[in-house]
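Here are the chains, one letter per residue:
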Amino acid sequence: AIPKVPFDGVSVTGPSGATLPGDGDLDFLEAKPYYDQSGVTVNVAKAKNPLIGKIVSVQRMVGPNAPGETCNIVIDHAGKLPYWEGQSYGVLPPGIDPKKNKPYGVRLYSIASTRYGDDKTGKTATLCVRRATYWDPEMGKEDPAKKGVCSNYLCDAKPGDEVKMTGPSGKVMLMPESDPGVTYIMVATGTGIAPFRGFLRRLFGEATPAQKNFQGLAWLFLGVANKDALLYDEEFQVYLRQNPDKMRLDYALSREGPANKKGGKMYIQDKVEEYSDEVFDALDKGAHIYFCGLKGMMPGIQGMLEDVCKQKGIDYAKYMEKLKKAGQWHVEVY
(Lines give C-alpha, C1' and ligand atoms only; values in the text may rest on other atoms or scores of the structure.)
Protein backbone atom coordinates (compact mmCIF):
# COMPACT_ATOMS: atom_id res chain seq x y z
CA ALA A 1 0.00 0.00 0.00
CA ILE A 2 1.12 3.55 -0.68
CA PRO A 3 2.16 5.21 2.59
CA LYS A 4 0.19 8.20 3.80
CA VAL A 5 2.11 11.47 3.82
CA PRO A 6 1.63 14.82 5.53
CA PHE A 7 0.12 16.93 2.80
CA ASP A 8 -1.97 20.06 2.58
CA GLY A 9 -2.14 20.85 -1.13
CA VAL A 10 -4.17 19.08 -3.78
CA SER A 11 -3.22 15.56 -4.81
CA VAL A 12 -3.64 14.11 -8.24
CA THR A 13 -5.76 10.98 -7.99
CA GLY A 14 -6.33 7.83 -10.02
CA PRO A 15 -3.49 6.46 -12.16
CA SER A 16 -1.80 9.89 -12.02
CA GLY A 17 -1.33 9.61 -8.27
CA ALA A 18 1.74 8.20 -6.55
CA THR A 19 2.74 4.73 -7.69
CA LEU A 20 5.03 2.02 -6.36
CA PRO A 21 6.94 -0.54 -8.44
CA GLY A 22 5.18 -3.57 -6.94
CA ASP A 23 6.10 -7.05 -8.08
CA GLY A 24 6.87 -8.25 -11.57
CA ASP A 25 8.59 -6.39 -14.38
CA LEU A 26 7.58 -3.38 -16.42
CA ASP A 27 9.87 -3.60 -19.42
CA PHE A 28 7.85 -3.93 -22.63
CA LEU A 29 8.98 -0.48 -23.87
CA GLU A 30 12.66 -0.82 -22.97
CA ALA A 31 15.55 -0.64 -25.42
CA LYS A 32 18.09 -3.49 -25.39
CA PRO A 33 20.06 -2.76 -23.23
CA TYR A 34 17.60 -0.41 -21.53
CA TYR A 35 20.03 2.56 -21.52
CA ASP A 36 20.79 2.43 -25.26
CA GLN A 37 19.47 5.72 -26.66
CA SER A 38 20.33 5.06 -30.31
CA GLY A 39 16.69 4.26 -31.05
CA VAL A 40 15.16 7.41 -29.54
CA THR A 41 12.80 8.83 -32.16
CA VAL A 42 11.83 12.44 -32.84
CA ASN A 43 9.12 14.01 -34.98
CA VAL A 44 7.16 10.86 -35.72
CA ALA A 45 4.09 13.09 -36.16
CA LYS A 46 4.48 16.47 -37.85
CA ALA A 47 2.22 19.52 -37.94
CA LYS A 48 1.08 18.76 -41.51
CA ASN A 49 0.00 15.28 -40.49
CA PRO A 50 -0.55 15.27 -36.70
CA LEU A 51 -1.54 12.28 -34.64
CA ILE A 52 -5.09 12.55 -33.32
CA GLY A 53 -4.99 11.78 -29.60
CA LYS A 54 -7.91 11.65 -27.17
CA ILE A 55 -8.26 13.34 -23.80
CA VAL A 56 -8.56 10.77 -21.00
CA SER A 57 -8.77 13.16 -18.03
CA VAL A 58 -8.18 16.76 -16.96
CA GLN A 59 -7.62 17.37 -13.26
CA ARG A 60 -6.91 20.61 -11.42
CA MET A 61 -3.82 19.94 -9.31
CA VAL A 62 -3.30 23.07 -7.21
CA GLY A 63 -4.97 24.34 -4.05
CA PRO A 64 -7.29 27.36 -3.73
CA ASN A 65 -4.47 29.79 -2.85
CA ALA A 66 -2.22 28.96 -5.77
CA PRO A 67 -1.78 31.79 -8.26
CA GLY A 68 -3.44 30.56 -11.44
CA GLU A 69 -4.64 27.09 -12.34
CA THR A 70 -2.47 24.12 -13.27
CA CYS A 71 -3.94 20.91 -14.66
CA ASN A 72 -2.76 17.32 -14.99
CA ILE A 73 -3.91 16.24 -18.45
CA VAL A 74 -3.78 12.62 -19.61
CA ILE A 75 -3.92 12.02 -23.38
CA ASP A 76 -4.35 8.68 -25.15
CA HIS A 77 -1.91 8.38 -28.07
CA ALA A 78 -2.86 4.70 -28.72
CA GLY A 79 0.82 3.73 -28.55
CA LYS A 80 1.46 5.48 -31.87
CA LEU A 81 3.59 8.32 -30.47
CA PRO A 82 6.15 6.59 -28.24
CA TYR A 83 8.55 8.82 -26.32
CA TRP A 84 11.33 8.72 -23.73
CA GLU A 85 11.41 10.53 -20.40
CA GLY A 86 12.53 14.14 -20.99
CA GLN A 87 10.94 14.51 -24.42
CA SER A 88 8.13 16.91 -25.39
CA TYR A 89 4.91 16.73 -27.41
CA GLY A 90 3.51 19.46 -29.61
CA VAL A 91 -0.17 20.36 -29.47
CA LEU A 92 -2.00 22.14 -32.30
CA PRO A 93 -4.88 24.13 -30.81
CA PRO A 94 -7.97 24.42 -33.02
CA GLY A 95 -8.93 27.66 -34.71
CA ILE A 96 -7.35 30.43 -36.75
CA ASP A 97 -4.70 32.80 -35.45
CA PRO A 98 -6.25 36.26 -36.05
CA LYS A 99 -2.79 37.85 -36.29
CA LYS A 100 -1.63 35.59 -39.12
CA ASN A 101 -5.00 34.54 -40.53
CA LYS A 102 -3.90 30.91 -40.61
CA PRO A 103 -4.20 27.97 -38.21
CA TYR A 104 -2.42 28.26 -34.87
CA GLY A 105 1.09 26.82 -34.74
CA VAL A 106 2.41 24.06 -32.52
CA ARG A 107 2.81 24.65 -28.76
CA LEU A 108 5.37 22.44 -27.04
CA TYR A 109 4.79 20.77 -23.67
CA SER A 110 7.29 18.66 -21.73
CA ILE A 111 5.83 15.23 -21.05
CA ALA A 112 5.21 14.63 -17.34
CA SER A 113 4.82 10.84 -17.46
CA THR A 114 7.22 8.00 -18.15
CA ARG A 115 7.09 6.24 -21.52
CA TYR A 116 4.56 3.82 -19.96
CA GLY A 117 2.08 6.58 -19.10
CA ASP A 118 0.52 7.01 -15.67
CA ASP A 119 -1.64 3.91 -16.23
CA LYS A 120 1.44 1.87 -17.28
CA THR A 121 -0.19 0.71 -20.55
CA GLY A 122 2.30 2.49 -22.81
CA LYS A 123 -0.59 4.21 -24.59
CA THR A 124 -0.99 7.50 -22.72
CA ALA A 125 1.05 10.59 -21.93
CA THR A 126 0.53 13.19 -19.24
CA LEU A 127 1.01 16.94 -19.62
CA CYS A 128 1.24 19.45 -16.77
CA VAL A 129 -0.29 22.68 -18.07
CA ARG A 130 -0.81 26.03 -16.42
CA ARG A 131 -3.67 28.06 -17.79
CA ALA A 132 -2.11 31.23 -19.19
CA THR A 133 -4.15 34.34 -18.41
CA TYR A 134 -3.43 38.03 -18.91
CA TRP A 135 -4.29 40.59 -16.25
CA ASP A 136 -5.07 43.93 -17.81
CA PRO A 137 -4.13 46.69 -15.34
CA GLU A 138 -6.31 49.25 -17.15
CA MET A 139 -9.40 47.03 -17.18
CA GLY A 140 -8.61 45.86 -13.64
CA LYS A 141 -9.43 42.29 -14.61
CA GLU A 142 -8.33 39.45 -16.83
CA ASP A 143 -8.61 40.17 -20.56
CA PRO A 144 -10.07 37.02 -22.15
CA ALA A 145 -8.86 38.17 -25.57
CA LYS A 146 -5.27 37.78 -24.42
CA LYS A 147 -5.45 34.44 -22.65
CA GLY A 148 -3.12 31.65 -23.77
CA VAL A 149 -4.85 29.86 -26.62
CA CYS A 150 -3.44 26.37 -26.20
CA SER A 151 -3.20 26.17 -22.40
CA ASN A 152 -6.84 27.23 -22.03
CA TYR A 153 -7.92 24.79 -24.76
CA LEU A 154 -6.19 21.94 -22.89
CA CYS A 155 -7.36 22.93 -19.40
CA ASP A 156 -10.95 23.25 -20.69
CA ALA A 157 -10.84 19.93 -22.57
CA LYS A 158 -13.23 17.11 -21.70
CA PRO A 159 -12.64 13.34 -21.74
CA GLY A 160 -13.07 12.03 -25.29
CA ASP A 161 -12.08 15.33 -26.96
CA GLU A 162 -9.66 14.93 -29.84
CA VAL A 163 -6.24 16.61 -29.73
CA LYS A 164 -3.88 17.13 -32.65
CA MET A 165 -0.39 16.15 -31.54
CA THR A 166 3.12 16.28 -32.97
CA GLY A 167 6.44 14.93 -31.79
CA PRO A 168 7.98 13.61 -29.75
CA SER A 169 10.72 16.22 -29.80
CA GLY A 170 14.02 16.89 -28.08
CA LYS A 171 16.95 14.83 -26.87
CA VAL A 172 18.57 17.40 -24.58
CA MET A 173 16.72 16.25 -21.43
CA LEU A 174 17.23 12.47 -21.72
CA MET A 175 18.50 10.53 -18.68
CA PRO A 176 22.05 9.08 -18.77
CA GLU A 177 20.94 5.65 -17.58
CA SER A 178 24.10 3.81 -18.68
CA ASP A 179 25.55 4.91 -15.32
CA PRO A 180 23.22 3.58 -12.57
CA GLY A 181 25.21 5.52 -9.96
CA VAL A 182 24.64 8.95 -11.55
CA THR A 183 23.42 11.95 -9.54
CA TYR A 184 20.54 13.87 -11.13
CA ILE A 185 20.16 17.48 -9.95
CA MET A 186 16.82 18.75 -11.25
CA VAL A 187 15.90 22.42 -11.00
CA ALA A 188 12.32 23.35 -11.89
CA THR A 189 9.98 26.30 -11.64
CA GLY A 190 6.23 25.70 -11.91
CA THR A 191 5.17 23.41 -14.74
CA GLY A 192 8.87 22.91 -15.49
CA ILE A 193 8.40 20.04 -13.04
CA ALA A 194 7.01 17.94 -15.91
CA PRO A 195 10.11 16.09 -17.14
CA PHE A 196 11.38 15.55 -13.59
CA ARG A 197 8.11 14.00 -12.52
CA GLY A 198 8.73 11.53 -15.37
CA PHE A 199 12.30 10.96 -14.13
CA LEU A 200 11.25 10.33 -10.52
CA ARG A 201 8.43 8.03 -11.53
CA ARG A 202 10.86 6.03 -13.66
CA LEU A 203 13.49 5.84 -10.94
CA PHE A 204 11.18 5.08 -8.03
CA GLY A 205 7.63 4.28 -9.14
CA GLU A 206 7.88 1.58 -11.80
CA ALA A 207 9.41 -1.91 -11.88
CA THR A 208 11.70 -1.11 -14.80
CA PRO A 209 15.35 -2.10 -15.20
CA ALA A 210 16.19 1.59 -14.62
CA GLN A 211 14.46 1.50 -11.21
CA LYS A 212 15.99 -1.84 -10.23
CA ASN A 213 19.55 -0.77 -11.10
CA PHE A 214 19.50 2.83 -9.84
CA GLN A 215 22.08 3.39 -7.09
CA GLY A 216 22.59 7.13 -7.51
CA LEU A 217 20.84 10.22 -6.18
CA ALA A 218 17.86 12.13 -7.56
CA TRP A 219 17.83 15.64 -6.10
CA LEU A 220 14.91 17.87 -7.00
CA PHE A 221 14.67 21.62 -6.47
CA LEU A 222 11.22 23.06 -7.21
CA GLY A 223 10.30 26.74 -7.07
CA VAL A 224 6.63 27.75 -6.77
CA ALA A 225 4.73 30.60 -5.10
CA ASN A 226 3.31 28.78 -2.07
CA LYS A 227 2.31 25.38 -0.68
CA ASP A 228 -0.94 25.36 -2.62
CA ALA A 229 1.05 25.74 -5.83
CA LEU A 230 3.20 22.65 -5.23
CA LEU A 231 2.89 20.11 -8.06
CA TYR A 232 2.95 16.32 -7.55
CA ASP A 233 4.10 16.85 -3.95
CA GLU A 234 2.21 13.88 -2.53
CA GLU A 235 3.82 11.58 -5.07
CA PHE A 236 7.32 12.96 -4.43
CA GLN A 237 6.89 12.57 -0.67
CA VAL A 238 6.03 8.89 -1.19
CA TYR A 239 9.19 8.30 -3.24
CA LEU A 240 11.23 10.19 -0.65
CA ARG A 241 9.91 8.02 2.18
CA GLN A 242 10.53 4.83 0.25
CA ASN A 243 14.00 5.88 -0.97
CA PRO A 244 15.53 8.16 1.68
CA ASP A 245 19.10 7.37 0.55
CA LYS A 246 18.46 7.96 -3.15
CA MET A 247 16.29 11.08 -3.20
CA ARG A 248 16.35 14.66 -1.94
CA LEU A 249 13.63 17.25 -2.24
CA ASP A 250 13.99 21.00 -1.71
CA TYR A 251 11.26 23.58 -2.26
CA ALA A 252 11.56 27.34 -2.74
CA LEU A 253 8.22 28.96 -1.85
CA SER A 254 8.67 32.56 -2.94
CA ARG A 255 5.49 33.96 -1.33
CA GLU A 256 5.50 31.91 1.86
CA GLY A 257 9.11 31.86 2.91
CA PRO A 258 11.38 31.27 4.66
CA ALA A 259 13.35 34.25 3.35
CA ASN A 260 16.63 33.92 1.47
CA LYS A 261 19.92 34.77 3.18
CA LYS A 262 19.58 38.45 2.21
CA GLY A 263 16.12 38.61 3.80
CA GLY A 264 14.31 38.68 0.43
CA LYS A 265 11.95 36.20 -1.24
CA MET A 266 13.24 32.66 -1.58
CA TYR A 267 13.54 31.99 -5.30
CA ILE A 268 14.86 28.83 -6.90
CA GLN A 269 18.42 30.17 -7.29
CA ASP A 270 18.53 31.06 -3.56
CA LYS A 271 17.53 27.52 -2.63
CA VAL A 272 20.18 25.98 -4.90
CA GLU A 273 22.75 28.45 -3.52
CA GLU A 274 22.07 27.22 0.04
CA TYR A 275 23.49 23.87 -1.08
CA SER A 276 26.10 25.22 -3.50
CA ASP A 277 29.01 23.35 -1.91
CA GLU A 278 27.23 20.02 -2.30
CA VAL A 279 25.97 20.87 -5.79
CA PHE A 280 29.44 21.85 -7.03
CA ASP A 281 30.94 18.79 -5.38
CA ALA A 282 28.40 16.54 -7.13
CA LEU A 283 29.06 18.22 -10.50
CA ASP A 284 32.81 17.69 -10.01
CA LYS A 285 32.01 14.00 -9.58
CA GLY A 286 30.01 13.81 -12.81
CA ALA A 287 26.46 14.72 -11.74
CA HIS A 288 24.04 15.85 -14.43
CA ILE A 289 22.13 19.09 -13.79
CA TYR A 290 18.81 19.81 -15.48
CA PHE A 291 16.77 23.03 -15.68
CA CYS A 292 13.18 23.32 -16.83
CA GLY A 293 10.62 26.13 -16.56
CA LEU A 294 10.10 29.68 -17.75
CA LYS A 295 13.20 31.13 -19.41
CA GLY A 296 13.15 33.97 -16.86
CA MET A 297 14.59 31.49 -14.32
CA MET A 298 17.98 31.17 -16.02
CA PRO A 299 19.54 34.65 -15.53
CA GLY A 300 19.06 34.35 -11.74
CA ILE A 301 20.51 30.84 -11.76
CA GLN A 302 23.49 31.82 -13.91
CA GLY A 303 24.17 34.92 -11.82
CA MET A 304 24.14 32.79 -8.68
CA LEU A 305 26.48 30.17 -10.19
CA GLU A 306 28.83 32.93 -11.31
CA ASP A 307 28.91 34.37 -7.75
CA VAL A 308 29.60 30.95 -6.27
CA CYS A 309 32.41 30.39 -8.79
CA LYS A 310 33.94 33.74 -7.75
CA GLN A 311 33.85 32.73 -4.08
CA LYS A 312 35.48 29.42 -4.95
CA GLY A 313 38.11 30.99 -7.20
CA ILE A 314 36.75 29.14 -10.26
CA ASP A 315 36.71 30.64 -13.78
CA TYR A 316 32.94 30.62 -14.47
CA ALA A 317 33.16 30.59 -18.29
CA LYS A 318 35.64 27.70 -18.31
CA TYR A 319 33.64 25.82 -15.70
CA MET A 320 30.43 26.12 -17.75
CA GLU A 321 32.23 25.07 -20.91
CA LYS A 322 33.54 21.97 -19.13
CA LEU A 323 30.05 20.96 -17.91
CA LYS A 324 28.52 21.45 -21.36
CA LYS A 325 31.33 19.57 -23.10
CA ALA A 326 30.90 16.63 -20.72
CA GLY A 327 27.13 16.60 -21.43
CA GLN A 328 26.31 17.34 -17.77
CA TRP A 329 24.30 20.54 -18.45
CA HIS A 330 20.71 20.17 -19.70
CA VAL A 331 18.35 23.14 -20.22
CA GLU A 332 14.80 23.28 -21.52
CA VAL A 333 13.15 26.63 -20.89
CA TYR A 334 10.25 28.36 -22.63
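Above this note sits the structure.
Residues numbered from 1 in each chain as written. Predicted model: local features only at pLDDT ≥ 70, side-chain atom pairs only at ≥ 80, totals over all residues. Heavy atoms only, no water.

> When you look at the sheet that holds strand E10 (residues 162-169) in this model, what are you seeing that I'm missing?
The strands making up a sheet are joined through hydrogen bonds of the backbone, oriented either antiparallel or parallel. Strands sit in the order E6-E3-E10-E1-E2-E7 across an open sheet of six strands; the sheet is antiparallel. Pairing within the sheet leaves two strands with one partner each, and these edge strands are strand E6 (107-110) and strand E7 (124-130). Adjacent strand axes in the sheet meet at a mean angle of 40 degrees, parallel and antiparallel pairs treated alike. Bridge count for strand E2 (residues 70-76) against E7 is seven bridges, and the pairing is antiparallel. In the strand pairing of E7, Cys71 is matched with Val129. (Pairing = 2+ DSSP bridges. Helix = DSSP H or I, 4+ residues; strand = E, 2+ residues; numbered from the N terminus. Axes fitted to C-alpha atoms, helices over the stretch in contact; angles between N-to-C directions.)

> Looking at this structure, how should I read a positive patch on the surface?
Taken together, Lys99, Lys100, Lys102 and Lys146 make up a surface patch of like positive charges. Under the relative-accessibility criterion, Lys146 is labelled partly exposed at 48%. (Patch = residues over 30% accessible without salt bridge, like charges linked within 9 Å, V, L, I, M, F, W, Y side chains within 5 Å. Areas by Shrake-Rupley, 256 points an atom, 1.4 Å probe, with all protein chains shown as cover. Salt bridge = Lys/Arg side-chain N within 4 Å of Asp/Glu carboxyl O. Lys, Arg positive; Asp, Glu negative; His and termini not counted. Charge placed at Lys NZ, Arg CZ, Asp CG, Glu CD. Buried < 20%, exposed > 50% of the residue type's maximum accessible area, 1.4 Å probe, protein only.)

> Would you mind showing me how to read unusual backbone geometry here?
The phi torsion of most residues other than glycine is negative, and most of the peptide bonds are trans. The residue after Lys32, namely Pro33, is reached through a cis peptide bond having omega -15 degrees. Mapped onto the fold, Pro33 is located in the segment before strand E1 (51-60). Residue Gly167 is joined to Pro168 through a cis peptide bond whose omega torsion reads -5 degrees. Assignment of secondary structure puts Pro168 in strand E10. Notably, Ala78 is not glycine yet its phi reads approximately 60 degrees, a positive angle. In this structure, Ala78 sits in the loop between E2 and strand E3 (88-92). On the basis of relative accessibility, which here comes to 41%, the residue Ala78 falls in the partly exposed class. Positive phi is not limited to glycine here, since Asn101 has a value of about 55 degrees.

Spatial relationships are all this shows, so hold off on functional conclusions.
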